[in-house]
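What follows is each chain in one-letter form.
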Amino acid sequence: MAIGDSFEVTVGDVDGVSYVDTGMYGTAEYGAVYVVDGENPAIVDSGIGTNYGAILDSLAERGIAPEDLATIALTHVHLDHAGGAGYLAEACPNADVVVHESGARHLVDPERLVAGTKQAVGDQWEFYADPKPIPEERIREITDGDTVDLGDRELRAHHTPGHAPHQVVFEEPDESVVFTADAAGIYVPELDSVRQTTPPPNFDLEQCLADLHTIRDCDPAVLCYAHFGPAAAEDRLQEYADALSEWVAAVEAKRDELGDDDDVIEYFGEHTSMTEAWGDRKARAEERMNTRGVLTYLDRRTE
């Protein structure tokens, strides 16, 4: 798969769902946006904002005109998931932007979100586009248990706040699919394994583990990862629960050993195993960011 490529989801018996590689951070197989085709078509997430044209191209490949897109369903407002929403809302004038009620204000006025993102991602900000504010009348706020009616199918929201307080996963019950946002980790197709995503400031281990139970209760056959791509559910949720717990324990042990948080961050940045999959720059930046998130969680836990 190359940046901009689009494919049907062929895992399991899923019908009418495809995904596009948005080339997030200039990296292939890292950022996906899903197209849910049907009577009232939708996309799940909107990418980082820089390559939103690839999403419009993917819609066109499936015969969906911009004015026919009914819903832009955002799993949460972190800019790697919601940064393109304003651009797509402008290009798709009839689409509602659906988001958890606690994140809506950041779409209307993204200033604080931009500041927080810059602090979290550092020099990776160069890959982002400044998000476009979305008019309030275009936004539909949802909460746990709400559904998004797509005519001949629906998306059901489940609140999963361990990664961010405004995060939901979307379940499509008839297709036995869950669009996992960041609640089930990062799936790496090249390695067929799941990696942690624990950015500051809101990562909470206990809540993330509870979120995995929320997804498990949906009994999905297929997990559609925002990072990256579809995978059979099988034992993936337990795999991620184990990976998260082991990761937090490793960061805590290294802090005890080194005694300086900057040294801990650099240690994990230098010892990442993901350079072949994501390239040196992205892999090291990801590891440093995730380490900061765990350190912030550990500080909060001891308060």
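Calculation criteria
Residues numbered from 1 in each chain as written. Predicted model: local features only at pLDDT ≥ 70, side-chain atom pairs only at ≥ 80, totals over all residues. Heavy atoms only, no water. Pairing = 2+ DSSP bridges. Helix = DSSP H or I, 4+ residues; strand = E, 2+ residues; numbered from the N terminus. Core = buried A, V, L, I, M, F, W, Y, C linked by side-chain atoms within 4.5 Å. Buried < 20%, exposed > 50% of the residue type's maximum accessible area, 1.4 Å probe, protein only. Contact = heavy atoms within 4.5 Å. Salt bridge = Lys/Arg side-chain N within 4 Å of Asp/Glu carboxyl O. Axes fitted to C-alpha atoms, helices over the stretch in contact; angles between N-to-C directions. Parallel < 35°, antiparallel > 145°, perpendicular 65-115°, else oblique. Nonpolar A, V, L, I, M, F, W, Y, C, P; charged D, E, K, R; others polar. Polar contact = N/O pair within 3.5 Å; in protein donor to acceptor, adjacent residues only side chain to side chain. UniProt positions renumbered as here; feature names shortened; annotations may be inferred. Phe/Tyr/Trp six-rings, centres within 6.5 Å; stacked < 30°, edge-to-face > 60°. Lys NZ or Arg CZ within 6 Å of the ring centre and 35° of its normal.

As annotated in an unreviewed UniProt entry, the protein is Glyoxylase, beta-lactamase superfamily II from Halorientalis persicus.

*Asks:* Looking at this structure, how should I read the pairing of strand 9 (residues 154-159)?
*Replies:* Residues in a regular strand point their side chains to alternate faces of the sheet. For strand 8 (residues 147-149) and strand 9, the ladder comprises three bridges, and the chain directions are antiparallel. The residue bridging aspartate 149 from the neighbouring strand is glutamate 154, located in strand 9. Between strand 8 and strand 9, which pair antiparallel one after the other, the connecting turn spans four residues, and glycine 151 there sits at a positive phi close to 85 degrees. Direction of pairing for strand 9 relative to strand 10 (residues 168-172): antiparallel, over a ladder of four bridges. The partner of histidine 159 across the bridge, within strand 10, is valine 168.

*Asks:* For this particular structure, what's the right way to read the nonpolar core?
*Replies:* In a soluble, globular protein the nonpolar side chains are often hidden away together inside. Judged by nonpolar contacts, the single largest core of 42 residues is most densely connected at Ile43, Ile72, Leu74, Val97, Leu107 and Trp278. In terms of residue count, helix 5 (residues 111-121) provides more of this core than any other element does, four residues in total. Those residues within four positions of leucine 107 in sequence are excluded, and the remaining contacts are Leu74, Val77, Ala82, Val97, Val99, Lys132, Pro133, Ile134 and Ile139.

*Asks:* Quick question: what am I supposed to make of the pattern of salt bridges here?
*Replies:* Pairing between side chains of opposite charge can happen when their charged atoms approach one another. With the rule as written, the count across this model stands at 20 salt bridges. The salt bridge involving arginine 236 is made with aspartate 192; its shortest N-O contact spans 2.3 Å. Placement of the pair is arginine 236 in helix 7 (residues 236-258) and aspartate 192 in the loop between strand 12 (186-188) and strand 13 (193-195), with a sequence separation of 44 residues. Where salt bridges share partners, they join Glu8, Glu61 and Arg62 into one cluster.

*Asks:* Help me understand the sheet that holds strand 11 (residues 177-179), please; the structure alone is not making it clear to me.
*Replies:* Think of a sheet as strands paired side by side through backbone hydrogen bonds, with each pair either parallel or antiparallel. Sheet architecture is open: six strands sit in the order 8-9-10-11-14-15, paired in mixed fashion. At either end of the open sheet lies a strand with only one pairing partner, and these are strand 8 and strand 15 (229-232). Strand-to-strand twist across the sheet, computed as the mean angle between neighbouring axes with direction ignored, equals 25 degrees. With three bridges connecting them, strand 11 and strand 14 (residues 222-225) associate as parallel partners. Looking across to strand 14, one finds that valine 178 is bridged to leucine 223. The strands touched by helix 6 (residues 205-217) within the sheet are strand 9, strand 10, strand 11 and strand 14, with strand 9 carrying the most contacts at an inclination of about 155 degrees.

*Asks:* Just to check I follow, could you spell out the packing of helix 7 against helix 10 (residues 280-302) for this structure?
*Replies:* The description of two packed helices rests on the angle between their axes and on the distance between the axes. Running from N to C, helix 7 and helix 10 cross one another at 80 degrees; their axes reach a closest spacing of 10 Å. Taken together, helix 7 and helix 10 sit at an angle that is classed as roughly perpendicular. For the pair helix 7 and helix 10, contact is made by Trp247, Val248, Val251, Glu252 and Arg255 and by Glu287, Asn290, Thr291, Val294, Leu295, Tyr297, Leu298, Asp299 and Arg301, respectively. Residue composition of the contact of helix 7 with helix 10, by class: seven nonpolar, two polar and five charged.

*Asks:* How should I be thinking about the side chain of glutamine 196 in this particular structure?
*Replies:* Relative to the elements of secondary structure, glutamine 196 occurs in the loop between strand 13 and helix 6. Given the relative accessible area of 7%, glutamine 196 is considered buried. Side chain to side chain, glutamine 196 and glutamate 287 meet in a polar contact 2.9 Å long. Beyond its immediate chain neighbours, meaning those up to four positions away, glutamine 196 contacts Ile186, Tyr240, Leu244, Trp247, Glu287 and Asn290.

*Asks:* Quick question: what am I supposed to make of the UniProt feature "domain: Metallo-beta-lactamase" (unreviewed entry) in the protein here?
*Replies:* UniProt annotation of "domain: Metallo-beta-lactamase" (unreviewed entry) refers to residues 30-227 when read in the numbering used here. Between the end C-alpha atoms of residues 30-227 the distance is 5 Å, and the span holds 25% helix and 24% strand.

*Asks:* Even after reading the chapter, I still don't get the packing of aromatic side chains, so can you show me in this structure?
*Replies:* How two aromatic rings sit relative to each other is set out by the distance from centre to centre and by the angle between their planes. A full pass over the atoms with the stated rule returns 13 aromatic pairs. Relative to tryptophan 278, the ring of tyrosine 30 has its centre 5.2 Å away and its plane inclined at 90 degrees; by these criteria the two rings are edge-to-face. Pair noted here: tyrosine 30 is in the loop between strand 2 (17-21) and strand 3 (32-36) and tryptophan 278 is in helix 9 (residues 275-278), with a separation of 248 residues, a long-range link. Relative accessible area serves as the criterion here: at 3%, tyrosine 30 is assigned to the buried category. According to the relative accessible area criterion, tryptophan 278 is buried, its value standing at 8%. In textbook terms, an aromatic cluster arises when at least three aromatic residues are bridged by ring pairs, as seen for Tyr25, Tyr30, Trp125, Phe127, Tyr128 and Trp278. Taking the ring centre of tyrosine 267 as reference, the NZ or CZ of lysine 254 above it sits at 3.9 Å. Sitting over the face of the ring of tyrosine 25, lysine 282 holds its NZ or CZ atom 3.6 Å from the ring centroid.

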